[in-house]
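Close look at the chain arrangement
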Amino acid sequence: MLQVENVNTYYGLSHVLHDVSLQVGEGEAVAFLGRNGAGKTTTLKTIMGLLKPKAGRILMNGKETTLLPAHAVAQKGITLIPEDRQVFPNLTVFENLKISRLPVDGGKHLDDFLEWIFSLFPPLKERIGNKGSQLSGGEQQMLTMARGLGTEPKLMLVDEPTEGLMPAYVETIRNVLIEIQKKGIAILLVEQRFRMALSITQRAYLIEKGQIRWEGPSADLLKDEETRVRCLGV
């Protein structure tokens, strides 16, 4: 479904991604792991169209998206769940969720969507009238993921969804990622909790200094301590 082929991305004169290639199949969950500053978020932003590569190409279902703006990439079925959450602070939970549905169906099936979201994230139902700025970090992460699901994506790019969260919220996010995949939505997951990431994904990539250093089944990486220590330090 998603193909990233020899992508090179820069920040100004700084060459960050070096011939990065990866793929995500339909309905597949893939872990994308590396140390801080390795190029994980840059890769997700490049796929989403927020950054433009100087070389290489990106395809979604066989159609090139390399130079499309972010909103056009989203229309192809890709959504990004950013690490800094970016909820609308002055809008309520209900309003944040409603906005996500407007481009899809104008809000016609909002009730069905909300029923599903509240089954995944029960705390959001209790906070439906609260503004985004009034939510805890864990609740904001839930809202960010829920809003991303509102676009009915085929692929979710999920960037550090459990960073800074309490253990109870971490478990909620883990379970939701599993349920999302059961719905047939593919996931490319960046996550520092490598054991959690590898336990819920089928394949994994390791990136180091902007280059893919390893790829293979997630189960193999769980067993391969030498590779983990070399590339992740764990």
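Structure report, in brief. These figures come from a predicted structure and were not determined experimentally. (Residues numbered from 1 in each chain as written. Predicted model: local features only at pLDDT ≥ 70, side-chain atom pairs only at ≥ 80, totals over all residues. Heavy atoms only, no water.)

Digging into the overall build of the protein
The helix and strand tally for the protein stands at ten helices and ten strands. What you see for the protein is a C-alpha radius of gyration of 17 Å, in line with the 17 Å of a compact globule of 234 residues. Counting only C-alpha atoms and orienting by the principal axes, one finds that the protein spans roughly 45 × 35 × 30 Å. In the protein, which comprises 234 residues, the share counted as buried stands at 51%. Across the protein, the fraction of contacts at a sequence separation of at least 24, relative to all contacts at a separation of at least 6, is 66%. Surface accessibility of the protein: about 10,900 Å² in total, with carbon and sulfur atoms responsible for 50%. Distance between charge centroids for the protein: 3 Å, based on 28 positive and 27 negative side chains. (Helix = DSSP H or I, 4+ residues; strand = E, 2+ residues; numbered from the N terminus. Rg over C-alpha atoms; globule rule 2.2 N^0.38 Å. Buried < 20%, exposed > 50% of the residue type's maximum accessible area, 1.4 Å probe, protein only. Contact = heavy atoms within 4.5 Å. Areas by Shrake-Rupley, 256 points an atom, 1.4 Å probe, with all protein chains shown as cover. Lys, Arg positive; Asp, Glu negative; His and termini not counted. Charge placed at Lys NZ, Arg CZ, Asp CG, Glu CD.)

So, helix H10 (residues 225-232)
In an α-helix, one turn spans 3.6 residues, which is why side chains three or four residues apart end up on the same side. Of the residues making up H10, those classed as buried are Thr-227, Arg-228, Cys-231 and Leu-232. Projected onto a plane normal to the axis of H10, the buried residues spread over an arc of 100° and lie on a single side. H10 presents Glu-225 and Glu-226 as exposed residues on the side facing more than 90 degrees away from its buried surface. Where H10 is buried, its residues contact strand S3 (29-33), helix H8 (194-199), strand S9 (203-208), strand S10 (211-217) and helix H9 (218-223). (Arc of directions from axis to C-beta.)

What to know about the sheet that holds strand S7 (residues 155-159)
With mixed pairing, six strands are arranged side by side in an open sheet as S6-S7-S8-S3-S9-S10. Both outer strands of the open sheet, strand S6 (78-81) and S10, are each paired with one neighbouring strand and no more. Ignoring which end each strand starts from, the neighbouring axes of this sheet average 15° apart. Against the sheet, helix H1 (residues 40-48) touches S3, S6, S7, strand S8 (186-190) and S9, its axis set at about 150° to S7. Packed on one face of the sheet, helix H7 (residues 167-182) meets S3, S7 and S8 and runs near 150° to S8. (Pairing = 2+ DSSP bridges. Axes fitted to C-alpha atoms, helices over the stretch in contact; angles between N-to-C directions.)

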